[in-house]
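# Notes for the structure review
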Amino acid sequence: MEIDREDGRTPNQLRPLACSRNILHRPHGSASWSQGDTKVLAAVYGPKAGTKKNENAEKACFEVIWKPKTGQIGKVEKEYEMIMKRTIQSICVLTVNPNTTTSVIIQVVHDDGSLLPCAINAACAALVDAGIPMKHLAVAICCCLADNGYLVLDPNKLEEKKMTAFAYLVFPNTTLSVLPEGSSVAEGEPVEHGIITSVTHGVMSVDDYFLCVENGRAATASLSAFFRKNFQQSSSKAG
């Protein structure tokens with residue numbers, strides 16, 4: 001039985017994607033990312049010499065600064081900053097620019113659901129634009145569990161309010177890895193089989209969680225293809 005979504009999408013269908021890079025002049029790299037009406041700008045500054053207190057000076061350091069559309073940041077935004085920092089550190093090569101700090105600024109333009117995955121995708125595009133050394137790219141997605149037991153991907157704001165639980169999932173980009181040729185294995189496991197970040201909220205059974213991961217991973221194929229097409233277009237324009 002198919003679940004009806006108010007915008008007419010199927011349960012596993014993503015909203016229309018849009019991405020532009022090199023949109024700001026002052027940062028070293030920048031990108032805008034939209035999923036439906038959710039839009040985020042990401043700007044990358046650095047790497048700059050020196051690391052912050054309690055950071056490992058023998059490695060490259062990253063900081064994430066979240067800027068809401070209006071008002072001050074709260075507990076949720078602080079959590080977003082922490083999740084994004086850990087995600088970015090796991091996909092970037094930290095040994096290339098030791099004792100440096102790279103700042104990633106996230107500006108929310110409009111929030112119509114799945115805001116954190118949209119911000120992670122924007123940050124990844126901006127890091128590429130800035131030329132930051134990366135082990136591989138990443139694609140993020142939100143999977144929600146409705147009170148009727150159905151799972152939906154990439155929920156909008158209205159759908160999020162009706163959900164009992166959700167998972168933010170970040171996977172390695174399956175079609176556009178920047179690992180060296182022939183080294184698509186990380187930690188002894190094929191990169192495309194891995195999961196970079198997983199954050200859940202609400203009550204969800206183990207079976208539902210694994211279904212979220214399965215559906216999310218399947219949907220990343222379209223996200224990965226979009227990344228590849230966007231980057232190829234940017235490269236041809238630059239050439």
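Now for a description of the structure that goes with this document. Model, not experiment: these values are computed from the prediction.

## With respect to empty space enclosed by the protein
Per the stated rule, a full pass over the model turns up 1 cavity of 30 Å³ or more. Approximately 60 Å³ is the volume found for the largest cavity. Considering the residues around the largest cavity, the lining is formed by Pro 47, Ala 60, Phe 62, Cys 92, Val 93, Asn 97, Thr 100, Thr 102, Ile 132 and Pro 133. Breaking the lining of the largest cavity down by element, the ones donating at least two residues are strand E4 (60-67) and strand E5 (100-110).

## Re unusual backbone geometry
The omega torsion of the bond from Gly 46 to Pro 47 falls at 5°, within 30 degrees of zero and hence cis. Relative to the assigned elements, Pro 47 resides in strand E3 (residues 38-49). The phi angle at Asp 154 is positive, at roughly 50°, despite the residue not being glycine.

## Quick look at the packing of aromatic side chains
If you walk through the whole model with that rule in mind, you get 6 aromatic pairs. Arranged with centres 5.1 Å apart and planes meeting at 55°, the rings of Phe 166 and Tyr 168 form a pair that is tilted. With relative accessibility at 23%, the residue Phe 166 sits in the partly exposed group. Given the relative accessible area of 7%, Tyr 168 is considered buried. Joined through ring pairs, the aromatic side chains of Trp 66, Tyr 80, Phe 166 and Tyr 168 make up one cluster.

## Thoughts on the nonpolar core
Formed by 64 residues in total, the largest nonpolar core has its most connected members in Trp 66, Met 84, Cys 92, Ile 106 and Leu 127. Per-element accounting of this core gives the leading share, 12 residues, to helix H2 (residues 115-130). Every residue in contact with Ile 106, bar those within four places of it in the chain, is listed here: Val 40, Leu 41, Ala 42, Val 64, Ile 65, Trp 66, Lys 67, Met 84, Ala 119 and Ala 123.

Calculation criteria
Residues numbered from 1 in each chain as written. Predicted model: local features only at pLDDT ≥ 70, side-chain atom pairs only at ≥ 80, totals over all residues. Heavy atoms only, no water. 1 Å grid on protein atoms, 1.4 Å probe; cavity = no way out; pocket = protein on both sides within 12 Å on 5 of 7 lines; lining within 4 Å. Points joined across faces, edges and corners; volume = space filled by probe spheres on them. Helix = DSSP H or I, 4+ residues; strand = E, 2+ residues; numbered from the N terminus. Phe/Tyr/Trp six-rings, centres within 6.5 Å; stacked < 30°, edge-to-face > 60°. Buried < 20%, exposed > 50% of the residue type's maximum accessible area, 1.4 Å probe, protein only. Core = buried A, V, L, I, M, F, W, Y, C linked by side-chain atoms within 4.5 Å. Contact = heavy atoms within 4.5 Å.

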